[in-house]
Amino acid sequence: MRKIVNLISLLLICLAFTSCVDYVQSVTFKNGKYHMYYKVTLSKLLFAMADEDPEEIFMDFDEEEIGELPPNISIKPVNTELEVGAEFTFEIDPKTTDETERSYLPTVAGKKCFIPFLLGQNDSISDSVGSDSEGEEFAAAIMASAKCRILLSKNLIPEIETAYFEGKGGQNFSIPVFDYGEANCLEIPFIILTQEGMYRTDRVVIIKK
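Please read these numbers as outputs of a predicted model, since none were measured by experiment.

The rules we used
Along each chain, residue indices are assigned from 1 in the same order as the chain's sequence is written. Local features are withheld for residues below a pLDDT of 70 in this predicted model, meaning they are given only at 70 or higher, and side-chain atom pairs are given and counted only at 80 or more; totals for whole chains, interfaces and linings count all residues. Side-chain metrics in this entry use all non-hydrogen atoms of the structure; hydrogen atoms and water are not considered. Centres within 6.5 Å are what make two rings of Phe, Tyr or Trp a pair, Trp counting through its six-membered ring; a difference in plane orientation under 30 degrees is then read as stacked, over 60 as edge-to-face, and the rest as tilted. In this text, helices come from DSSP runs of H or I with a minimum length of four residues, and strands from runs of E with a minimum of two, each type numbered from the N-terminal end. Between buried and exposed lies partly exposed: a residue is buried under 20% and exposed over 50% of the maximum accessible area for its type, with that area taken using a 1.4 Å probe on protein chains only. Strands are treated as partners if at least two bridges between them are detected by DSSP. Geometry is summarised by axes, namely lines fitted to C-alpha atoms with helices restricted to the contacting stretch, and by angles between N-to-C directions that run from 0 to 180 degrees. To form a nonpolar core, buried Ala, Val, Leu, Ile, Met, Phe, Trp, Tyr and Cys residues must be joined to one another through side-chain atoms within 4.5 Å. The criterion used for residue contact is that any of the two residues' heavy atoms lie within 4.5 Å. The definition of a polar contact used here is a pair of N or O atoms within 3.5 Å, where within protein one atom must be able to donate a hydrogen and the other to accept one, and adjacent residues in sequence count solely through side-chain atom pairs. The quantity called pLDDT is the predictor's confidence in a given residue, expressed from 0 to 100. Salt bridges, as used here, are contacts in which a Lys or Arg side-chain nitrogen is within 4 Å of a carboxyl oxygen on Asp or Glu.

Visitor: Which parts of the structure should I look at to understand the packing of aromatic side chains?
Guide: Centre-to-centre distance and the angle between the planes together describe a pair of aromatic rings. On inspection of all chains with the given rule, the structure shows seven aromatic pairs. A centroid spacing of 5.9 Å and a plane angle of 35° characterise the contact between Phe117 and Phe165, whose relative ring orientation is tilted. Placement of the pair is Phe117 in the loop between strand S6 (112-116) and helix H6 (124-127) and Phe165 in strand S8 (residues 160-167), with a sequence separation of 48 residues. The buried category is assigned to Phe165, whose relative accessible area is 0%. An aromatic cluster of three or more residues is present, and its members are Tyr23, Phe117 and Phe165.

Visitor: Mind showing me how you'd approach the sheet that holds strand S10 (residues 177-179) here?
Guide: Each strand in a sheet pairs with another by means of backbone hydrogen bonds, the pair being arranged parallel or else antiparallel. Strand order in this open sheet of seven strands is S3-S4-S2-S1-S7-S11-S10, and the pairing throughout is mixed. Here the strands that pair on one side only, and so sit at the sheet edges, are strand S3 (74-79) and S10. Strand-to-strand twist of the sheet, defined as the mean angle between neighbouring strand axes without regard to direction, takes the value 15°. As paired strands, S3 and strand S4 (residues 83-92) are joined by six bridges and run antiparallel to one another. Each bridged residue has a counterpart across the sheet, and for Ile75 the counterpart in S4 is Phe88.

Visitor: Would you mind showing me how to read the pairing of strand S2 (residues 33-43) here?
Guide: Where a strand is regular, its side chains alternate between the two sheet faces. When you tally the buried positions in S2, you get nine out of eleven residues, the bulk of the element. Between the end of strand S1 (residues 21-30) and the start of S2, which pair antiparallel, lie two residues, with Asn31 showing a positive phi angle near 55°. Where S2 and S4 come together, ten bridges link them in antiparallel fashion. Directly across from Tyr34, in S4, lies its bridge partner Ile92.

Visitor: Quick question: what am I supposed to make of the nonpolar core here?
Guide: Formed by 39 residues in total, the largest nonpolar core has its most connected members in Phe117, Val204 and Ile206. Among the elements that line this core, the one with the most residues is S2, at five residues. Excluding residues that lie within four positions of it along the chain, Phe117 makes contacts with Tyr23, Gln25, Cys148, Ile150, Phe165, Ile188, Leu193, Thr201, Asp202, Arg203 and Val204.

Visitor: Is there a simple way to think about the environment of Asn72 in this case?
Guide: As for its placement among the helices and strands, Asn72 is situated in the loop between helix H4 (63-67) and S3. Judged by its relative accessible area of 30%, Asn72 is partly exposed. Sequence separation between Asn72 and Ile92 is 20 residues, and the spatial gap between their C-alpha atoms is 8.5 Å. The residues contacting Asn72, other than those within four sequence positions of it, are Thr89, Phe90, Glu91 and Glu101. Side-chain polar atoms of Asn72 contact the side chain of Glu101, separated by 3.4 Å.

Visitor: Even after reading the chapter, I still don't get the side chain of Glu187, so can you show me in this structure?
Guide: Along the chain, Glu187 falls in strand S11 (residues 183-189). Glu187 has contacts with Lys147, Cys148, Arg149, Ile175, Pro176, Phe178 and Tyr180, leaving out every residue within four places of it along the chain.

Visitor: Can you walk me through the sheet that holds S8 in this structure?
Guide: With respect to topology, five strands assemble into an open sheet ordered S5-S6-S12-S8-S9, the strand pairing being antiparallel. The open sheet has two edge strands, strand S5 (107-109) and strand S9 (173-174), and neither has a second partner. Two strands pair when backbone bridges link them, and S5 and S6 are joined in this way by three bridges, in the antiparallel orientation. Across the sheet, the residue bridging to Val108 is Cys113, located in S6.

Visitor: Explain the confidence of the model for the protein chain to me, please; I cannot follow it from the model alone.
Guide: Predicted coordinates in regions of low pLDDT should not be interpreted in detail. Overall, the prediction assigns the protein chain a mean pLDDT of 78, with 66% of residues at 70 or greater. Predicted confidence is poor over residues 62-68, with pLDDT under 50, and the contacts of this stretch with residues over four places away or in other chains come to five contacts. Residue range residues 128-132 is modelled with pLDDT below 50. Its contacts to residues more than four positions away, or to other chains, number nine contacts.

Visitor: It is not clear to me how the environment of Thr96 should be interpreted in this structure. Could you clarify?
Guide: Its location among the elements puts Thr96 in the loop between S4 and helix H5 (99-102). With a relative accessible area of 11%, Thr96 lands in the buried category. Other than its neighbours up to four places away in sequence, Thr96 contacts Glu101, Arg102 and Leu105.

Visitor: So what exactly am I meant to see when it comes to the pattern of salt bridges here?
Guide: Once the charged atoms of two side chains with opposite charge are near each other, the side chains can pair. Scanning the entire structure with this criterion turns up ten salt bridges. Between Lys39 and Asp22 there is a salt bridge whose closest N-O contact spans 3.4 Å. Of the two residues, Lys39 sits in strand S2 while Asp22 sits in strand S1, which places them 17 residues apart along the sequence. In this structure Lys39 comes out as buried when scored by relative accessible area, which is 14%. Salt-bridge contacts for Glu91 lead to Lys33; the nearest nitrogen and oxygen are separated by 3.9 Å. Of this pair, Glu91 sits in strand S4 while Lys33 sits in strand S2, placing them 58 residues apart in sequence. A relative accessible area of 37% places Glu91 in the partly exposed class. Look at Lys33 and you get partly exposed, because its relative accessible area is 33%. Through salt bridges with shared partners, one network takes in Asp22, Lys39, Glu83, Lys147, Arg149 and Glu187.

Below you can see the structure in the form of structure tokens.
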């Protein structure tokens, strides 16, 4: 997990310069296993405007580093006309005893379900907005327009009553949920990830109907 978080940290550092990042996380359950999917991409257009090569962000992510990841993880570069980034896919047996794999698994406590959120475990996001007030306002404006999406298959959670990040003093942050047919989509604004200490963002709490 740490290697994936490190790569996503590298991508997110570019956020301050590109102002366009897309993050998708998907969780489903089939054939007795959890199927995990993550995608992080950045806009090529904005790289071009800055006269930078977007593919350089992956130049140091070589086969040796990939080999340090669990063997069931597949990493596929994304390189289209509009964006560059990477996809991460893997399967997990719910009976696994491997602690790294278990850290990705949803957990259930009654009507509550806890979904690990990879970006919420990344401390570099709040650090990237800058220390001066002008920089913070600029970064906040950028991040307010960027969203990350978590797709939860309905074969995992058929109906969602509400979703949120736990906050201090019971002041939770409500996460919008949209029906995508075979999956429910949770939309999380990047700006909430910059409010360090306000919310527990390493997991999403879901109340099932």
